[in-house]
Amino acid sequence: RSLHSAATRGASNISRRGYASEPGPERKVAVLGAAGGIGQPLSLLMKLNPLVSSLSLYDIAGTPGVAADVSHINTRSKVVGYQGEEELGKALEGADVVIIPAGVPRKPGMTRDDLFNINAGIVKALCTAISKYCPHALVNMISNPVNSTVPIAAEIFKKAGTYDEKRLFGVTTLDVVRAKTFYAGKANVPVDGVNVPVVGGHAGITILPLFSQATPKANLDDDIIKALTKRTQEGGTEVVEAKAGKGSATLSMAYAGALFADACLKGLNGVPDVVECSFVQSTVTELPFFASKVRLGKNGVEEVLGLGALSDFEQQGLESLKGELKSSIEKGIKFANQ
Ligand code: NAI
């Protein structure tokens with residue numbers, strides 16, 4: 001890829017010449033917040049992904065250790081750790097996908113919105129650097145509150161003149177992962193064949209799993225669907241409480257983040273029919289950002305898919321989430337412009 005440094009390109013051309021099976025195009029993935037609770041297992045999982053040729057691990061502290069450790073794994077990607085703001089540019093340069101799990105997690109009793117003041121500033125700074133060093137990268141936003149950090153990122157990119165709505169994603173994959181797991185348990189079906197779309201946003205009642213569209217079909221009672229919906233909406237809080245002050249979901253989030261980044265890479269590489277739910281700029285409802293199924297392609301979002309048929313319960317859920325989601329979006333936009 002032309003954006004890669006000559007040195008990296010040269011080295012990997014030499015090492016790959018003569019191999020029978022081409023592992024695919026060179027792809028650089030940067031993880032910002034790589035030394036954190038999510039960042040470390042996410043870095044590990046991205047190191048295991050054969051679509052990645054260059055793995056860039058950035059944090060304000062702790063990345064040399066994480067990078068040295070992960071780099072010993074005998075998989076395709078070259079790993080480099082970057083520490084401190086002065087190395088952020090190098091970490092980002094040439095990145096195809098930037099994954100952002102930087103920021104503080106929740107403690108018991110906190111909502112995702114309680115994280116706003118700290119994380120909004122972190123996201124603003126990181127996105128300013130992205131617009132400078134890798135304006136064409138697909139950005140996978142994990143930092144909470146996603147309902148606000150994605151609009152913040154959009155505003156920062158707009159100000160820099162680099163905004164492309166096809167390249168900005170709020171990662172809601174963990175909601176889908178949870179919905180699938182919880183549904184499989186109640187429907188008594190093998191979890192690996194389960195699909196459940198989750199739409200709306202990524203906090204409390206804004207998380208709307210569409211169990212009426214879940215496959216394989218199971219005729220679950222209304223009260224079970226209600227309980228599954230509530231558990232999916234409060235899955236994050238379940239983990240926060242179980243960890244009792246030691247943070248929020250990290251391992252399942254790393255898995256979900258790796259899954260979503262893999263889908264982005266497949267899309268970039270031209271694999272057809274890659275569809276994942278994500279919080280993106282949207283016209284599916286009257287809200288400017290909304291999570292729904294998205295088809296991924298060579299430029300990021302290829303198509304934002306509609307909601308499909310909703311049950312009465314889901315329709316009610318949709319109406320009651322709009323107020324909170326709207327104000328979280330507006331809060332992000334206001335912060336970015338102040
Ligand atoms: P953590 O505190 O374990 O790790 C965060 C990392 O970010 C630390 O290593 C810290 O040094 C780093 N960091 C702080 N400021 C930074 C900056 N300016 N640049 C780069 N790195 C910086 O937190 P954890 O558990 O990894 O969570 C990270 C974020 O992910 C939180 O905002 C959390 O709420 C969010 N999250 C999102 C989920 C989702 O489904 N989207 C699920 C779970 C957590």
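Sequence positions are assigned chain by chain, starting from 1 and proceeding in written order. Reporting of local features is limited, given that this is a predicted model, to residues whose pLDDT is at least 70; pairs of side-chain atoms are given and counted only at 80 or more, and all residues count toward the totals for whole chains, interfaces and linings.

Asks: Account for the nonpolar core, with residues named and values stated.
Replies: A set of buried Ala, Val, Leu, Ile, Met, Phe, Trp, Tyr and Cys residues, joined through C-beta atoms within 7 Å, is what we mean by a nonpolar core. Buried residues are those with 20 or more other C-beta atoms within 10 Å of their own C-beta, exposed residues have 12 or fewer, and partly exposed residues lie in between; C-beta atoms are placed from the backbone. Ranked by size, the top nonpolar core spans 96 residues in total, and within it Val29, Val31, Val97, Val98, Ile100, Val139 and Ala153 carry the most contacts. Broken down by element, this core gets its largest block of residues, 10 residues, from helix H10 (residues 251-268). What counts as a contact is two residues whose backbone-derived C-beta atoms lie within 7 Å of each other. Discounting residues that sit within four places of it in the chain, Val29 has contacts with Met46, Val52, Leu55, Ser56, Ala95, Asp96, Val97, Ile99 and Ala261. Helix numbers and strand numbers start at the N terminus; a helix is a DSSP run of H or I with at least 4 residues, a strand a run of E with at least 2.

Asks: Lay out H10 in plain terms, naming residues and giving numbers.
Replies: To estimate how far a helix should extend, the number of its residues minus one is multiplied by 1.5 Å. When the terminal C-alpha atoms of H10 are compared, their 26 Å separation across 18 residues agrees well with the 26 Å that a helix rising 1.5 Å per residue should span. Taking burial as the measure, the 18 residues of H10 include 13 buried ones, the bulk of the element. Gly270, located one to two residues past H10, shows a positive phi value of around 85 degrees.

Asks: I'd like a rundown of the UniProt feature "binding site: substrate" (unreviewed entry) in the protein chain, residues and numbers included.
Replies: UniProt positions are given in the numbering used here, feature names are shortened, and annotations may be inferred rather than shown by experiment. Cross-referencing UniProt, the feature "binding site: substrate" (unreviewed entry) maps to Arg106, Arg112, Asn144 and Arg178 in the present numbering. Summarising the element assignment, Asn144 is placed in the loop between strand E5 (138-141) and helix H6 (146-160). Counting through the fold element by element, Arg178 comes out in helix H7 (residues 173-187). On the basis of neighbour count, Arg178 is assigned to the buried category, with 26 C-beta atoms found within 10 Å. Leaving out residues up to four positions away in the same chain, Arg178 has contacts with Thr232 and Gly235.

Asks: Quick one: what's the story with helix H2 (residues 39-47), residue by residue and with numbers?
Replies: Listed in full, the buried residues belonging to H2 are Gly39, Gln40, Leu42, Ser43, Met46 and Lys47. On an axial view of H2, the arc spanned by its buried residues comes to 165 degrees, and they lie on one face. This arc is taken over the directions from the axis of the helix to the C-beta atoms.

Asks: For the environment of Lys334, give the residues involved together with the corresponding values.
Replies: By the secondary structure assignment, Lys334 is in helix H11 (residues 312-337). With 179 residues separating them along the chain, Lys334 and Glu155 place their C-alpha atoms 9.2 Å apart.

Asks: Any details on the environment of Glu238? Residues and values, ideally.
Replies: Its location among the elements puts Glu238 in helix H9 (residues 235-243). The class of Glu238 is exposed, set by 12 C-beta atoms lying within 10 Å. Measuring from C-alpha to C-alpha, the distance between Glu238 and Ser43 comes to 24 Å, with 195 residues separating the pair along the chain.

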